[in-house]
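# Summary of the model geometry
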Amino acid sequence: MHYKYLALAAGGLLALSACAKNEAPVTAAPPVGPGAIAGTVAADRDGDGYVDGYYTADGIYHAVQGPPCPPPPPPPPSRRGERG
């Protein structure tokens with residue numbers, strides 16, 4: 001008689017185990033780097049190694065808009081020639 005109750009309890013536990021949720025825990029997103037926009041993907045369209053724009057989650061490309069870079073400084077005077 002005790003085996004019937006034990007079998008009933010085991011069957012109940014087996015039936016309820018199907019309802020358990022074994023989902024993987026959600027981890028936090030890694031921090032974005034300096035100048036990055038969260039939720040976008042950087043794009044280097046001309047292959048020079050610098051980010052030219054970014055793609056948003058809907059697949060639209062946005063060019064980076066900013067002031068142009070300043071020109072490089074002039075070369076230093078040469079050390080050749082007559083000294084004074």
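Our subject in this report is the structure included herewith. (Residues numbered from 1 in each chain as written. Predicted model: local features only at pLDDT ≥ 70, side-chain atom pairs only at ≥ 80, totals over all residues. Heavy atoms only, no water.)

### Describing the overall build of the chain
To keep it simple, the criterion reads: Strands are runs of DSSP state E lasting at least two residues, helices are runs of H or I lasting at least four, and both sets are numbered from the N terminus onward. The reference for a compact globule is 2.2 Å times residues^0.38; the radius of gyration itself is calculated from the C-alpha atoms.
The number of helices and strands found in the chain is one helix and three strands. Starting at the N terminus and ending at the C terminus, the chain contains elements arranged as α-β-β-β. The C-alpha atoms of the chain give a radius of gyration of 33 Å, which is well past the 12 Å a tight globule of 84 residues would have. The dimensions of the chain, computed from C-alpha atoms along their principal axes, are 120 × 35 × 20 Å.

### Looking at the packing of aromatic side chains
Quick note on the threshold: Ring geometry is summarised as follows: Phe, Tyr and Trp rings, the Trp one being its six-membered ring, pair when their centres sit within 6.5 Å, and such pairs are stacked at plane angles under 30 degrees, edge-to-face over 60 and tilted between the two. Only lysine NZ and arginine CZ atoms are considered, and such an atom sits over a ring when it is within 6 Å of the ring centre and within 35 degrees of the ring normal.
For the coordinates displayed, the defined rule picks out one aromatic pair. Here the guanidinium or amino end of R45 rests over the ring plane of Y61, the centre of that ring lying 3.6 Å away.

### Overview of helix α1 (residues 2–17)
Two residues of an α-helix separated by three or four positions point the same way, owing to the 3.6 residues in each turn. Formally: Multiply 1.5 Å by the residue count of a helix minus one, and that product is the helix's expected span. Categorising residues by exposure relies on relative accessible area from a 1.4 Å probe, with only protein chains included: less than 20% of the type maximum marks a residue as buried, more than 50% marks it as exposed, and the intermediate range marks it as partly exposed.
The end-to-end C-alpha separation of α1 is 23 Å, in line with the 22 Å expected for 16 residues at 1.5 Å each. Taken across its 16 residues, α1 has zero buried, putting it largely on the surface.

### A short note on the environment of Y61
Just so we agree on the cut-off: Two N or O atoms count as a polar contact when they lie within 3.5 Å, although within protein this holds only if one can serve as hydrogen donor and the other as acceptor, and sequence-adjacent residues are included solely when both atoms are side-chain atoms.
Structurally, Y61 can be placed in strand β3 (residues 61–63). In the structure, Y61 is positioned 25 residues away from A36 in sequence and 15 Å away in space, judged by C-alpha atoms. Engagement of the side chain of Y61 in a polar contact is seen with the backbone oxygen of D52, the distance being 3.3 Å.

### Focus on the environment of P76
With respect to the helices and strands, the residue P76 is situated in the segment after β3. As a C-alpha pair, P76 and V64 span 12 residues in sequence and 33 Å in three-dimensional space.

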